[in-house]
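What follows is each chain in one-letter form.
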2 protein chains.
Amino acid sequence: MLDATSSYNPMDRRIPVDDRTGQRIVPETARRADRLSGNRYGNRPTMKDVAARAGVGLKTVSRVVNGEPGVTPDTERRVQEAIEALGFRRNDSARVLRKGRTASIGLVLEDLADPFYGPLSRAVEEVARAHGALLINGSSAEDPDREQELVLALCARRVDGLVVIPAGDDHRYLEPEIRAGVATVFVDRPAGKIDADVVLSDSFGGARAGVAHLIAHGHRRIGFIGDMPRIHTAAERLRGYRAAMEDAGIPVEDSWMSLGVTGPERVRRAAEEMLSGPVPVTAVFAGNNRVTVTVVRVLAEHSRSVALVGFDDIELADLLKPGVTVVAQDAAALGRTAAERLFRQLDGALITPERIELPTRLITRGSGELPPAD
Amino acid sequence: MLDATSSYNPMDRRIPVDDRTGQRIVPETARRADRLSGNRYGNRPTMKDVAARAGVGLKTVSRVVNGEPGVTPDTERRVQEAIEALGFRRNDSARVLRKGRTASIGLVLEDLADPFYGPLSRAVEEVARAHGALLINGSSAEDPDREQELVLALCARRVDGLVVIPAGDDHRYLEPEIRAGVATVFVDRPAGKIDADVVLSDSFGGARAGVAHLIAHGHRRIGFIGDMPRIHTAAERLRGYRAAMEDAGIPVEDSWMSLGVTGPERVRRAAEEMLSGPVPVTAVFAGNNRVTVTVVRVLAEHSRSVALVGFDDIELADLLKPGVTVVAQDAAALGRTAAERLFRQLDGALITPERIELPTRLITRGSGELPPAD
DNA sequence: TAGAGCCTGGACAACGTTGTCAGATGCGGG
DNA sequence: CCCGCATCTGACAACGTTGTCCAGGCTCTA
């Protein structure tokens, strides 16, 4: 958390105190003072001001602003002029309060800086835009508490809907919100302990196919490097790995699997260990894009040729020598599907929670087709 | 724009009409009906409900919710129980209306799916979080109208501040907003026709250094492929290219410069033309990350060895053969700097608009050090 | 035990908008 | 000439919260 010693404390719950006198500074008073002193904050014209200037009633201004019928052209012109002159802009906060809908949805994901989430977020945004809604983004940094904090903050803002890429595994805290009408769709990983819509990639099937691909090219000693198994996708991919191995009747050595590996250094160490261990692997299956990138680095420094299939596509994968074979998932499709489902909920279609699984696609580029070198 | 034939029309300005009777459907009535029928929408408990259940006054609930002093432990407990039982959550819309600050800032950028903007957005989010504010994102898709639409929508929501990566070149429409107190910082490109804070990378200096680097390695026929010169960064990089060439006393052929090139196909064509033209180039300077990626592809298919320096770092650039030499800018630093400046404005520090330029860094990896092959 | 002062709690207005409803205006026809 | 009707306009309440301010009960001291 960055330091924030500032006077901008929108959510501050303490009562500010004057340094010299020790008196409580009453915020309202402060705000009034701002207004009177011509401070730049606040002090925006309201419909009332526009009405006064145009010499019409409040509601007439509202009608003009909202394009409602029943205003003579002449009156409308006068109102428009007043709006122009004062630089009036409707206060949507007040509008929201009155109407009950905020026309905004929230998206909670792991890390907006991850190239996997950018396209996903953009896809959600496009769908929201098509429905006249804005998008509020938040990164949970894979921290369940932060996820909950974010989600509840969004609920307090009364977002109409939530798209959540869960970090935690217990979402019962969302029950009252969902009951109260907040549309909710989970993406990439299912919700924990509640029944809700979820859109995910076929991690199990994708991983299984990827590993089977390596087996088909003659590999039997195949390593798996993945994230913490408490993350659903990581667990599913591991399950896919195991299933493919079992399908082929290959017993798996413990030293071939590295789980809960995050951060480039740990991935590097894990890869080096399974490449030089007592029973060295001839191929590696990488559980996500970050792992893939690091493994590519390690293999580039490695003398022996080692096959690689990664989960998630990465940019420029086709230009490496050899090209990196991957099990690709479509991040944008995940986001789009989830958002569309969200707005279907908001349309009031009484739909029972569903699990939507999108297929993955094996893209062969060379690294996965290398023969075992042992 | 996606199709949106839905009943969720938060911004709808038309008056809905009953299909059968032709009567106007009065939204308020509809909403009341929803409530009465136990519809899941709306119908959330308010402080009043909590107060009634706890047998206390409205303001007492407010005090408990906001952690204000002056409530006996026993009363507080009763209120907490009522909150728990009803699943109450404070309505921040109403709070915002009363307090005048929304504790949210807006970020308008070109495309969240672009790997350059992900880290930038994340950095802005972190700073916002440190100040207790949420972040609303919007993509302008490089369309000035859409930028304006987004910005004004955010202003109507009364965001406390705006970070804008401009698509247009005239931001006078923001003048009333800024006067009204919306803190504003532009990033990556300066604002048009208004005086405002701006944080940018040293595009001119970076490009000049990058091209000088190629010249230092013996190149004289150097191509430039960049975006539309109406985009400030593109123009600056072109200027840097020209400056470096002029510094070295090298006259520039028109056929070496491709401007306003967007989309992989056009970049590809531009690159092929300058490689096979009457005076073929021996090196290429790529004006942004998307151009770089495509040029790398073209060069990979090309027999003759051609040097390349790109503006913006790209992932895996070090793993290509040869590694891609780039002029790197720090997207996260841009975002962080801009956001910090924004909150400094909100703190009320009377600061005059400033232009902050962040340095770029030349990262040599091989492609920029190839000798001319002619 | 009375009075001063503190602590707790609650009634009320206000934030800026929209929905309701009734009043004003103008027009045409009887 | 007046009535009815349609059209246009505006007063008012409500949305859910917070700031202000006062009342009532308590403690403490003289």
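### Here we look at the nonpolar core
Formed by 92 residues in total, the largest nonpolar core has its most connected members in A:I225, A:Y241, B:I225 and B:Y241. Aside from chain neighbours lying at most four places away, what touches B:Y241 is B:A207, B:V211, B:I222, B:G223, B:F224, B:V252, B:W256 and B:M257. The next biggest cluster of nonpolar side chains, apart from the first, holds 58 residues, and it includes A:A338, A:L358, B:Y117 and B:V187.

### Considerations on the interface of chain B and chain A
Each partner contributes residues to the interface: chain B has 92 residues there, and chain A has 92 residues. Counting every contact that joins chain B to chain A gives 14 salt bridges. Residue A:D111 pairs with B:R122 through a salt bridge whose shortest N-O separation is 2.5 Å. The set of elements that each furnish at least two residues to the side of chain B that touches chain A consists of α1 (27–36), α5 (92–99), α6 (117–130), β2 (134–139), α7 (144–156), α8 (175–179), α12 (289–301) and α13 (331–346) of chain B. Ranked by the residues each element gives to the side of chain B that touches chain A, the list is headed by α6(B), at nine residues.

### Overview of the relation of the copies chain B and chain A
One copy of the chain maps onto the other through a rotation about an axis plus a displacement along that axis. At an RMSD of 0.0 Å, chain B and chain A line up after a rotation of 180° and a shift of 0.0 Å along the axis. Overall, the copies show the geometry of a two-fold rotation axis. Relative to the rotation axis, the closest C-alpha in chain B is found at B:I136, a distance of 2.1 Å. Looking at the interface residues of chain B, 100% of them are also at the interface in chain A, so both copies use one shared face.

### Description of the pattern of salt bridges
One pass over the full model with this rule turns up 54 salt bridges over all chains. Notably, a salt bridge pairs A:D318 with B:R297, separated by 2.8 Å at the nearest N-O pair. Separated into two different chains, A:D318 in the loop between β9 (307–311) and β10 (325–328) and B:R297 in helix α12 make up a pair that spans both. Classification of B:R297 as partly exposed rests on a relative accessible area of 25%. Where A:R355 meets A:E357, a salt bridge forms, and the shortest distance between an N and an O atom there is 3.5 Å. Since its relative accessible area comes to 40%, A:E357 is described here as partly exposed. Here the salt bridges do not stand alone but share partners, grouping A:D74, A:R77, A:R78 and A:E81 into one network.

### Section: the sheet that holds strand β7 (residues 257–258) of chain A
Picture the strands of a sheet paired through backbone hydrogen bonds; they go either parallel or antiparallel. All names here are of chain A. Spatial strand order, β7-β6-β8-β9-β10-β12: six strands in an open sheet with mixed pairing. This sheet does not close on itself; its edge strands, each paired only once, are β7 and β12 (361–363). In terms of strand pairing, β9 meets β10 through three bridges, oriented parallel. By the bridge assignment for β10, G310 is matched with V326.

What counts as what
- Residues numbered from 1 in each chain as written.
- Chains lettered and ligands numbered in written order.
- Predicted model: local features only at pLDDT ≥ 70, side-chain atom pairs only at ≥ 80, totals over all residues.
- Heavy atoms only, no water.
- Core = buried A, V, L, I, M, F, W, Y, C linked by side-chain atoms within 4.5 Å.
- Buried < 20%, exposed > 50% of the residue type's maximum accessible area, 1.4 Å probe, protein only.
- Contact = heavy atoms within 4.5 Å.
- Salt bridge = Lys/Arg side-chain N within 4 Å of Asp/Glu carboxyl O.
- Helix = DSSP H or I, 4+ residues; strand = E, 2+ residues; numbered from the N terminus.
- Least-squares fit on C-alpha atoms with pLDDT ≥ 70 in both.
- Pairing = 2+ DSSP bridges.

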